[in-house]
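Breakdown of the fold
Letter by letter, the chains look like this.
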Amino acid sequence: MTCKEFLAILDDVIDESISPGMRSEIEVHLRKCGHCEVVFNTVRKTIEIYRCHELYEFPAEVSESLHNAIMDRCRAAKGDSQSS
Amino acid sequence: MSTIQPVAGQNEQHPDVALVERVRAGDLSAYDTLVRKYERQLFRISQHITQNREDAEDVMQDAFLKAYEKLDQFQGNSKFYTWLVRIAVNESLMRLRKRRTGKVVSIDENIETEEGSVPRDFADWAPNPEQNYNQAELAETLKKTIQGLPEGFRVVFLLRDVEGLSTEETAEALGLSVPAVKSRLLRARLQLRERLTRFFKKKMPPVAPRGSEAEA
């Protein structure tokens, strides 16, 4: 396996949607190629970091009022559709 | 009124299907349950796209209202959440367009860039590199890094890797083909990795000046 071939299936490797035969081919390549090993590990870490850190938290101080505003608008829409 | 079928390929009915049926039958409390279930995710997605908290709050309200009003158009051949995300993404892009005074904003723009399609920086990262930053610094770094991605890459990465939609669901939510989602996802992942390497790579020990050993 070449680095180019590894890169072409990198997403499948990360998403663990590869066959067992392909997996052993990849393991052989990663043992030989330090660059691909770094790319593989750091892409995995990139995803993990973004998954674990909620960058935009739902603001607790407005969540209830936002929720109520949504439901009020839906209630009004329901009323409109029933009266028409 | 059309009947919602379970998502193709799944034997068990998704719990949202029964809730949607109840809403269609006039039970608003079932919609309250759906809103509570997905409001946090919708807010996050809208904020990532609009990069503005007020816009995200407006988008979230508009998206839930639109979904409620158009519920009869929901065919049930996709998950309710995927359908909801599609509405929120479109509302977010419309909001961005307004903010950018009419400039067309779509997830197709800026995708021709070749940046990051091939890895260039092969420096390994420090173990648990995020521990070298406090929470505020880390959040700022992660925000700036993802905001630097082209829109079309950022949204795909967000839905697929952060929000956990499948490739097919991401394609459906964004109106893209599966190969287009796969191609953008790879490039988004590589570009983010490349940019984060600047912050997270192992610190190399300082090199001793030439001749220092002889002098010591």
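Residues numbered from 1 in each chain as written. Chains lettered and ligands numbered in written order. Predicted model: local features only at pLDDT ≥ 70, side-chain atom pairs only at ≥ 80, totals over all residues.

**Some thoughts on the overall build of chain A**
Along chain A, the regular secondary structure elements total five helices and zero strands. If you list the helices and strands of chain A from N to C, you get α-α-α-α-α. Over its C-alpha atoms chain A spans a radius of gyration of 24 Å, topping by over 25% the 12 Å that the globule rule assigns to 84 residues. Its C-alpha atoms give chain A principal-axis dimensions of about 70 × 30 × 20 Å. Across the 84 residues of chain A, 15% fall into the buried class. (Helix = DSSP H or I, 4+ residues; strand = E, 2+ residues; numbered from the N terminus. Rg over C-alpha atoms; globule rule 2.2 N^0.38 Å. Buried ≥ 20, exposed ≤ 12 C-beta atoms within 10 Å, placed from the backbone.)

**Some points on the overall build of chain B**
Per the secondary structure count, chain B includes nine helices and zero strands. Order of helices (α) and strands (β) in chain B, N terminus to C terminus: α-α-α-α-α-α-α-α-α. Per-residue burial for chain B yields a buried fraction of 37% across its 216 residues. Within chain B, contacts between residues at least 6 apart in sequence are counted, and of these 68% link residues at least 24 apart. (Contact = placed C-beta atoms within 7 Å.)

**Remarks on the nonpolar core**
All names here are of chain B. Ala-63, Leu-84, Ala-88 and Val-156 are the most contacted members of the largest nonpolar core, which has 58 residues in total. Counting only domains with at least three residues in this core, you end up with domain 1 (15-99) and domain 2 (129-200). Ala-63 has contacts with Leu-42, Leu-84, Ile-87, Ala-88 and Glu-91, leaving out every residue within four places of it along the chain. (Core = buried A, V, L, I, M, F, W, Y, C linked by C-beta atoms within 7 Å. Domains from an automatic or database assignment.)

**Overview of the domain arrangement of chain B**
All names here are of chain B. Assigned domains within chain B: domain 1 (15-99) and domain 2 (129-200). Each of domain 1 and domain 2 was reduced to a C-alpha centroid, and the two centroids are 22 Å apart. Taken residue by residue, the interface counts eleven residues in domain 1 and eleven residues in domain 2. When residues of the side of domain 1 that touches domain 2 are traced back to their parent elements, those giving at least two are helix 2 (28-50) and helix 4 (80-99). Class assignment of the residues belonging to the side of domain 1 that touches domain 2 gives a composition of four nonpolar, five polar and two charged. (Nonpolar A, V, L, I, M, F, W, Y, C, P; charged D, E, K, R; others polar.)

**As for the interface of chain B and chain A**
Residue-level contacts link 38 residues of chain B with 27 residues of chain A. Elements with a minimum of two residues in the side of chain B that touches chain A: helix 2, helix 3 (53-69), helix 5 (135-147), helix 6 (151-162) and helix 8 (178-200) of chain B. A per-element tally of the side of chain B that touches chain A places helix 2 of chain B first, with eleven residues. By residue class, the composition of the side of chain B that touches chain A is 20 nonpolar, four polar and 14 charged.

**Structural notes on the confidence of the model for chain A**
Across chain A, the average pLDDT comes to 90, with 96% of residues at 70 or higher. The element-level mean pLDDT for chain A is lowest in helix 5 (residues 60-83) of chain A, coming to 86, with helix 4 (residues 34-52) of chain A highest at 95. (pLDDT = per-residue confidence, 0-100.)

**With respect to the packing of helix 2 of chain B against helix 3 of chain B**
All names here are of chain B. Where helix 2 meets helix 3, the closest approach of the two axes is 8 Å, and the angle between their N-to-C directions is 140 degrees. Considered as vectors, helix 2 and helix 3 are oriented oblique to each other. Relative to helix 3, the crossing made by helix 2 is right-handed. From helix 2, Tyr-31, Val-35, Glu-39, Leu-42, Phe-43, Ser-46, Gln-47 and Thr-50 reach across to helix 3, where they touch Arg-53, Asp-55, Ala-56, Val-59, Met-60, Ala-63, Phe-64 and Tyr-68. Looking at the contact of helix 2 with helix 3 residue by residue, the classes come out as ten nonpolar, three polar and three charged. (Axes fitted to C-alpha atoms, helices over the stretch in contact; angles between N-to-C directions. Parallel < 35°, antiparallel > 145°, perpendicular 65-115°, else oblique. Left-handed = near helix turned anticlockwise from the far one by under 90°.)

**A look at the environment of Gln-47 of chain B**
With respect to the element layout, Gln-47 of chain B can be found in helix 2. A tally of 23 C-beta atoms within 10 Å means that Gln-47 of chain B is categorised as buried. Sequence-wise, Gln-47 of chain B and Ser-92 of chain B are 45 residues apart; in three dimensions their C-alpha atoms are separated by 8.3 Å. Beyond its immediate chain neighbours, meaning those up to four positions away, Gln-47 of chain B contacts Tyr-56 of chain A together with Arg-53 and Ala-56 of chain B.

**Topic: the environment of Leu-10 of chain A**
Along the chain, Leu-10 of chain A falls in helix 2 (residues 10-14). For the pair Leu-10 of chain A and Val-43 of chain A, spaced 33 residues apart in sequence, the C-alpha separation works out to 9.2 Å. With near-sequence residues (within four places) excluded, Leu-10 of chain A lies in contact with Phe-40 and Val-43 of chain A together with Leu-186 of chain B.

**As for helix 6 of chain B**
Look at helix 6 of chain B: 15 Å from first C-alpha to last across twelve residues, which is about the 16 Å you get at 1.5 Å a residue. When you tally the buried positions in helix 6 of chain B, you get eleven out of twelve residues, the bulk of the element. The inward-facing, buried residues of helix 6 of chain B contact helix 4 of chain A together with helix 2, helix 4, helix 5, helix 7 (167-174) and helix 8 of chain B. (Expected span 1.5 Å × (residues − 1).)

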